[in-house]
Amino acid sequence: MSEVDACRADVWLWRARFFKTRALAAKFVESGRIRITRAGQDEHRLDKPARPLKVGDHLVFALGGRLVAVTVQAMGDRRGPAEEARTLYSTLDGD
């Protein structure tokens, strides 16, 4: 995996396979439907696709009629297969 410590929100959501295209991820972020909590900071909404995500950030958003709550575990180097994408995050229930 990558040694990079931050990644654009839209790129990370696309690499983690939450969205089929980066454009869809960017549009979702721009709509303000993702909440982020970073260590030592209050929760706020992501509003721009270029906002950086860092390892340890907690994201909460509704997708496909369900609430998704994940912790960023890695940035990744590419949009790989599903098995690789699942290594980029962990869920609250430990998946």
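In the block above lies the structure referred to throughout.
Model, not experiment: these values are computed from the prediction.

A. Local environment of the environment of arginine 79. You can see arginine 79 is positioned in the loop between strand S6 (66–72) and helix H3 (82–85). Judged by its relative accessible area of 25%, arginine 79 is partly exposed. If sequence neighbours within four positions are ignored, arginine 79 has contacts with Trp14, Arg15, Arg17, Phe19 and Lys20. Here the side chain of arginine 79 touches phenylalanine 19 through a polar contact of 2.9 Å, landing on its backbone oxygen.

B. A look at the nonpolar core. If you look at the biggest cluster of nonpolar residues, it comprises 24 residues, and the most contacted ones within it are Trp12, Leu13, Phe18, Ile34, Leu46, Leu59 and Phe61. Where this core is concerned, the elements lending two or more residues are helix H1 (9–15), helix H2 (22–30), strand S2 (34–37), strand S5 (58–63) and S6. Here the element with the most residues in this core is H1; it accounts for four residues.

C. Layout of the packing of aromatic side chains. Throughout the structure, instances matching the rule amount to six aromatic pairs. When the ring of phenylalanine 18 is compared with that of phenylalanine 61, the centres are 5.4 Å apart and the planes differ by 85°; the resulting orientation is edge-to-face. Of this pair, phenylalanine 18 sits in the loop between H1 and H2 while phenylalanine 61 is found in strand S5, placing the two residues 43 residues apart along the sequence. Here the two residues phenylalanine 18 and phenylalanine 61 agree in accessibility, since each one is buried. Ring geometry for phenylalanine 28 versus phenylalanine 61: centroids 5.9 Å apart, planes at 75°, classification edge-to-face. Of this pair, phenylalanine 28 sits in helix H2 while phenylalanine 61 sits in strand S5, and the two are 33 residues apart along the sequence. One exposure class covers both phenylalanine 28 and phenylalanine 61, and it is buried.

D. Representation of the layout of surface pockets in the model. Taken as a whole, the largest pocket spans an internal volume of roughly 230 Å³. Contributing to the lining of the largest pocket are 14 residues, with Phe18, Arg66, Val68, Tyr89 and Thr91 lying nearest its centre. Those elements that place two or more of their residues in the lining of the largest pocket are S6, H3 and strand S7 (89–91). Element by element, the count of residues in the lining of the largest pocket is highest for S6, at five residues. Here the residues of the lining of the largest pocket are counted per class, giving 10 nonpolar, one polar and three charged.

E. Main features of the side chain of arginine 15. Its location among the elements puts arginine 15 in helix H1. Despite being buried, arginine 15 has no salt bridge partner; aspartate 77 is the closest side chain of opposite charge, sitting 5.9 Å away. Within polar-contact distance, the side chain of arginine 15 engages the backbone oxygen of glycine 76 at 2.8 Å. Non-local contacts of arginine 15, meaning those with residues more than four positions away in its chain, are made with Cys7, Met75, Gly76, Asp77, Arg78, Arg79, Ala85 and Leu88.

Basis of the calculations
Residues numbered from 1 in each chain as written. Predicted model: local features only at pLDDT ≥ 70, side-chain atom pairs only at ≥ 80, totals over all residues. Heavy atoms only, no water. Helix = DSSP H or I, 4+ residues; strand = E, 2+ residues; numbered from the N terminus. Buried < 20%, exposed > 50% of the residue type's maximum accessible area, 1.4 Å probe, protein only. Contact = heavy atoms within 4.5 Å. Polar contact = N/O pair within 3.5 Å; in protein donor to acceptor, adjacent residues only side chain to side chain. Core = buried A, V, L, I, M, F, W, Y, C linked by side-chain atoms within 4.5 Å. Phe/Tyr/Trp six-rings, centres within 6.5 Å; stacked < 30°, edge-to-face > 60°. 1 Å grid on protein atoms, 1.4 Å probe; cavity = no way out; pocket = protein on both sides within 12 Å on 5 of 7 lines; lining within 4 Å. Points joined across faces, edges and corners; volume = space filled by probe spheres on them. Nonpolar A, V, L, I, M, F, W, Y, C, P; charged D, E, K, R; others polar. Lys, Arg positive; Asp, Glu negative; His and termini not counted. Salt bridge = Lys/Arg side-chain N within 4 Å of Asp/Glu carboxyl O.

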